[in-house]
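# Overview (structure and organization)
Okay, here's what each chain looks like letter by letter:
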Amino acid sequence: MSASMNIADADMPIYGGLGMTFMEFPQVTNIQTSDADVVVTGVPFDMATSGRPGARFGPTGVRQASAQLVWEGARWPWSFALDNHLKVEDSGNVSFKHGEPQTLVDNLEAHISQILESGKSALTFGGDHFITLPVLRAYAKKHGPVALIHFDAHTDTYDGGSKYDHGTLFHHAVVEGLVDTEHSLQIGIRTSYNRKNHPFEVLDAAWVGDNGPQKTLERIRERVGDKRVYVSFDIDGLDPAFAPGTGTPVAAGISIDCALKVIRGLQGLDLIGMDVVEVAPAYDHAEITSLAGATLALEYLYVLAANGGAV
Ligand code: MN
Ligand code: MN
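So, here is what we can say about the structure in this document. (Residues numbered from 1 in each chain as written. Chains lettered and ligands numbered in written order. Predicted model: local features only at pLDDT ≥ 70, side-chain atom pairs only at ≥ 80, totals over all residues. Heavy atoms only, no water.)

Below, the discussion takes up the environment of Val202. As for its position among the elements, Val202 is in strand S6 (residues 201-204). What Val202 contacts, discounting residues up to four positions off in sequence, is Gln186, Ile189 and Tyr193. (Helix = DSSP H or I, 4+ residues; strand = E, 2+ residues; numbered from the N terminus. Contact = heavy atoms within 4.5 Å.)

Structure representation (structure tokens):
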């Protein structure tokens, strides 16, 4: 064997390496000195899961599935290459001490704050949905209460849960004043919630299915207006046919086609961040769920690029 045949060989195909960053974006080690527009972060945490665990492997699943997306230069239907308009870097995964969830809360909020304070925006892969709470704390510290576009089968506004709970985070986010509820929506909901004092507008999965992406976007635009908006995408907002690999699947969700049309249609809104959570690869089939998560995130990045007016 010649010395040139090693694992660092430049000819190594995408699928042959030890693992990859999201979309093969460069890895960033010093966020403060980086000139990236967007920093990707993985959060391998699922200790707040109430049902099936496994979202701790979500960031790895999504990054691996993004190998199916990197080959396309001028991506359909945008017809431009992302790299020419937006600089994205991957900061790897946030570390924490297993069994001590508060270390994750502290480390994640500090990490996202560092991204925001250095003038960048964050794209974050969960992890269970609880991870959005420390992220929103960092965002609210920087921007004040944010408008929220939240895709989910569940409202996650339950107020009887424990401190670390993926079903209560938006209850806490409202109580803590992190979200501008007057300009926020929840989309794809198809489980019960307390309608009294529920501050979000809900476009439930049946309404979205009956009315389609364009009507959904009309409601979003009317509600959000010109506010700074954060997108939180719980992958179980999709129908289990399109996202079986998740901890708490619920039948009759929205389709990946509808979801992608809605994400693309956010063009022009003041988007300041996104997360994709609850991808649990162990329950996935043929990477359907990981690929859906990776595609939703990539389309969001294209919307950011298009918002830059560089198309
Ligand atoms: Mn959720
Ligand atoms: Mn959910």
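Our next topic: the coordination of the manganese ion (ligand 2). The manganese ion (ligand 2) binds to the protein through Asp152 (OD), His154 (ND1), Asp234 (OD), Asp236 (OD) and Asp236 (OD); the donor distances cover 2.1 to 2.5 Å. Read in sequence order, the donor residues coordinating the manganese ion (ligand 2) give the pattern D-x1-H-x79-D-x1-D. (Donors = N, O, S within 2.8 Å, 3.2 Å for Na, K, Ca; no water.)

Volume-wise, the largest pocket comes out at about 320 Å³. Lining the largest pocket are 18 residues; nearest its centre among them are Asp37, Lys120, Ser121, Leu271 and Ile272. Counting only elements with at least two residues in the lining of the largest pocket, the list comes to helix H3 (132-143), strand S8 (270-277) and helix H7 (288-307). Estimated volume of the second largest pocket: approximately 220 Å³. Along the walls of the second largest pocket sit Thr157, Tyr158, Asp159, Phe170, His171, Val174, Val175, Asn194, Lys196, Asn197, His198 and Pro199, which together make up its complete lining. (1 Å grid on protein atoms, 1.4 Å probe; cavity = no way out; pocket = protein on both sides within 12 Å on 5 of 7 lines; lining within 4 Å. Points joined across faces, edges and corners; volume = space filled by probe spheres on them.)

Donor atoms from the polypeptide that coordinate the manganese ion (ligand 1) comprise His129 (ND1), Asp152 (OD), Asp156 (OD) and Asp234 (OD), at 2.1 to 2.2 Å from the metal. When the donor residues of the manganese ion (ligand 1) are listed from N- to C-terminus, their spacing reads H-x22-D-x3-D-x77-D. Here the manganese ion (ligand 1) and the manganese ion (ligand 2) are spaced 3.3 Å apart, linked through Asp152, which binds each one. Of this pair, His129 sits in the loop between strand S3 (121-126) and H3 while Asp152 is found in the loop between strand S4 (147-151) and helix H4 (169-175), placing the two residues 23 residues apart along the sequence. Residue His129 is classed as buried on the basis of its relative accessible area of 0%. According to the relative accessible area criterion, Asp152 is buried, its value standing at 0%. (Buried < 20%, exposed > 50% of the residue type's maximum accessible area, 1.4 Å probe, protein only.)

Further remarks concern the packing of aromatic side chains. Tallied over the full model, the rule gives eleven aromatic pairs. Ring centres 6.0 Å apart and planes at 40° place the aromatic pair Phe45 and Phe130 in the tilted group. Taken as a pair, Phe45 in the loop between strand S1 (38-43) and helix H1 (58-65) and Phe130 in the loop between S3 and H3 lie far apart in primary sequence, 85 residues in all. Like Phe130, Phe45 is buried. Between the aromatic rings of Trp78 and Phe80, the centroid separation amounts to 6.0 Å while the plane-to-plane angle is 70°, which identifies the pairing as edge-to-face. There is no split in this pair, since Trp78 and Phe80 are both buried. An aromatic cluster is present here, built from Phe45, Phe96, Phe130 and Tyr164 joined pairwise through their rings. Against the face of Tyr283 rests Arg52, its NZ or CZ located 4.1 Å from the ring centre. (Phe/Tyr/Trp six-rings, centres within 6.5 Å; stacked < 30°, edge-to-face > 60°. Lys NZ or Arg CZ within 6 Å of the ring centre and 35° of its normal.)

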